[in-house]
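# Coordinate analysis (summary)
What follows is each chain in one-letter form.
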Amino acid sequence: MSAPADSVSPGSARAARYFIYGALLVFALVYLTPLYVMLTTSLKSLDEIRGGDMMALPVAPSLDAWFRAWGEACIGVTCGGIKGYFWNSLKMVVPAVAISTLLGALNGYVLTKWRFPGHKIVFGMMLFACFIPFQAVLIPMARVLGILGMSNSTAGLVLVHVIYGLGFTTLFFRNYYEAFPDELIKSAMIDGAGFFRIFWRILLPSSGPIIVVTVIYQFTNIWNDFLFGVSFASGEGAPMTVALNNLVSSSTGVKEYNVDMAAAVIAALPTLFVYIVAGRYFVRGLMAGAVKG
Amino acid sequence: MNGSSSAVAARPQAHRGLADRLRDGLPRLVLAPSFALILVFVYGFILWTLTLSFTTSKILPVYTFAGFDAYIRLWSQPNWHMALGNLAIFGVLYMTACIAIGLLLAILLDQRIRGEGVLRPIFLYPMALSFVVTGTAWKWFLNPGLGLENTMRNLGWESFTFDWLVNKDMAIYTIVIAGVWQASGFVMAMFLAGLRGIDSEIIKAAQIDGASTVSIYRRIILPLLRPVFLSALIVLAHMAIKSYDLVIALTGGGPGNATELPSTFMYSYTFTRNQMAVGSASAVMMLMGIAAIIVPYLYSELREKDR
């Protein structure tokens, strides 16, 4: 449906239009304000921040705070900026997204095209795993990572994110492949194609959209994760979100608001970038993750 | 598609050699590692946490059985009651505000608006940010002294005071504000998809009958959106119970314990206060809370698909 057309007088219809546009504009300004304040604060000097107004544009915009945040700011006891943690996040997110997406595609393929007795229970159990509060697995996971020698390592975080992302990636692909015609699979089988051949040659080539959706969803979730990062890798191996929180909440020395904000924007840039270039797929992922089945 | 008939069901069952059996088992073999990981790392770990909650574990796990001792201690902690009370305030306000604002924005955007393509992403972009970034931004924005308070005073409202971040009675509401800012655009997207899915014939018929716009929305459109309300409520309730990062980044659970939530309670009792059994017990309570919401929902969704 797109809006019931108004059946009232032209005058009050115009007033209603003004009201609608006005309200939407006010909301848009409110939603944009925190981002605007983050960006402008990151471009100001500390003196200007202390003496001026948060909403004012920077008098002499400078990227000093950005360089300090990237290479010099103190996080914990080391003062090498956030760049190391940014790379940690990148080294964590790329393999974790790739592995969980590939496994999710294979799982979705099996759960729709090669069903076996009990496939429903298997899927149900994988689905519920998406929703558990991770607090319920935090202590055992910390122990196991310790035993495996993977505490405070990127490899450990990759493992964690692959496991707890599997439910969602499987869900995405399962729902997508469910609509894929069985006839194509059957005729390929008659032609002698096997399990993997059908997957590579028939399903994967037409999985473009769902791969994009899954990759974006996983990338956003894993990049933005804080709980696993702070629980299993809070030292040098910490991801970006943990480093940002350490930087902002540290109570030693002069509080450099501009550096905090620059670091926050840097932490937000990768996911914002993905959102701007592929927003449509981002929304689809959110919806698929929310409206099940 | 019927649940039990798979694409391979037609395969003849006679003359099965080893190669055949391997081929038939291959799909399950491919799924097995993922399922095993989930079994061990989700369900096994939940049982492990449950076990720990019945022990005397403090800084390290020990397996001395202590019955419901940890649960009794949990429920006698004022901090835990604080956390639950805060979750109730946060959860109710967060869900109500997100749904109210999300629905309003969706209805406004659905009025054949010019520039919808520009406005929609603006309402939704906070969802792409991490809670830590959101918390950091709002912590600065609401900073008493340099933030909103200062701006309003500069605008001429000399007596304007906004100290919610450091006021223990009001701090929980800053988390609501930041949380609503982040998630309401997402709820808008859900409602917008729902609105676009409504058959316009029904609306036209009602207009011909002379129904006003308001009554069309109230009597026809909103009831049709009931499934979206349900989905939004489930998703938001689930997000509210799991909220952790936002609190840590915005208030750190403070001032004092004013913004303690079950998630922050579990973390601090387990990892900083060395009361692992109590921490585990609180994690079990959180899991039960989420399961009570999610399991019926998933069950009905999966069953509906069968028909």
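None of the values given here were measured: they were computed from a predicted structure.

Cut-offs applied
Residues numbered from 1 in each chain as written. Chains lettered and ligands numbered in written order. Predicted model: local features only at pLDDT ≥ 70, side-chain atom pairs only at ≥ 80, totals over all residues. Helix = DSSP H or I, 4+ residues; strand = E, 2+ residues; numbered from the N terminus. Rg over C-alpha atoms; globule rule 2.2 N^0.38 Å. Buried ≥ 20, exposed ≤ 12 C-beta atoms within 10 Å, placed from the backbone. Core = buried A, V, L, I, M, F, W, Y, C linked by C-beta atoms within 7 Å. Domains from an automatic or database assignment. Contact = placed C-beta atoms within 7 Å. Nonpolar A, V, L, I, M, F, W, Y, C, P; charged D, E, K, R; others polar.

### Describing the overall build of chain A
A count of helices and strands for chain A gives 13 helices and zero strands. Element order for chain A, N to C, with α for helix and β for strand: α-α-α-α-α-α-α-α-α-α-α-α-α. Relative to the 2.2 N^0.38 estimate, which gives 19 Å for 293 residues, the radius of gyration of chain A is 24 Å and therefore markedly larger than a compact globule would have. Expressed along its principal axes, the backbone C-alpha trace of chain A runs to roughly 75 × 75 × 35 Å. Burial status across chain A gives 48% buried among its 293 residues.

### Comments concerning the overall build of chain B
Regarding its fold elements, chain B presents 13 helices and zero strands. Going from N to C terminus, chain B has its helices and strands arranged as α-α-α-α-α-α-α-α-α-α-α-α-α. Whereas a compact globule of 307 residues would reach a radius of gyration of roughly 19 Å, chain B reaches 25 Å, over 25% beyond that. Counting only C-alpha atoms, chain B reaches 90 × 70 × 30 Å along its principal axes. Classification of the 307 residues of chain B by burial places 42% in the buried group.

### Points about the nonpolar core
Grouped together as the largest cluster of nonpolar side chains are 184 residues, with contacts concentrated most on Ile82(A), Leu244(A), Ala263(A), Ala264(A), Phe191(B) and Leu236(B). Formed jointly, this core draws a minimum of three residues from each of two domains, domain 1 (10-62) and domain 2 (83-287) of chain A. Excluding residues that lie within four positions of it along the chain, Leu244(A) makes contacts with Ile82(A), Ala263(A), Ala264(A), Ala267(A), Val132(B) and Thr136(B).

### Notes on the domain arrangement of chain A
All names here are of chain A. For chain A, the domain assignment lists domain 1 (10-62) and domain 2 (83-287). Placing a centre on the C-alpha atoms of domain 1 and another on those of domain 2 gives a separation of 34 Å. Opposite the eight residues of domain 1 that make contact, domain 2 presents seven residues. Breaking the side of domain 1 that touches domain 2 down by element, the ones donating at least two residues are helix H1 (10-42) and helix H2 (46-51). Sort the elements by how many residues they give to the side of domain 1 that touches domain 2 and H1 lands first, with four residues. Split by residue class, the side of domain 1 that touches domain 2 holds four nonpolar, three polar and one charged.

### Comments concerning the environment of Leu236(B)
Residue and element names in this part refer to chain B. Relative to the helices and strands, Leu236 is located in helix H10 (residues 226-242). A residue is classified by how many C-beta atoms lie within 10 Å of it, and Leu236, with 25 of them, is buried. Separated by 163 residues in the primary sequence, Leu236 and Arg73 have C-alpha atoms spaced 30 Å apart. Once you skip the residues sitting within four places of it in the chain, Leu236 turns out to touch Tyr94, Met95, Cys98 and Ala183.

### Considerations on unusual backbone geometry
Look at Asn152(A): it is not a glycine, yet its phi comes out positive at around 55°. With respect to the element layout, Asn152(A) can be found in the loop between helix H6 (135-147) and helix H7 (154-178). Of note, Arg112(B) is a non-glycine position whose phi angle comes to about 50°, a positive value. Of note, Arg112(B) is situated in the loop between helix H3 (78-109) and helix H4 (116-124).

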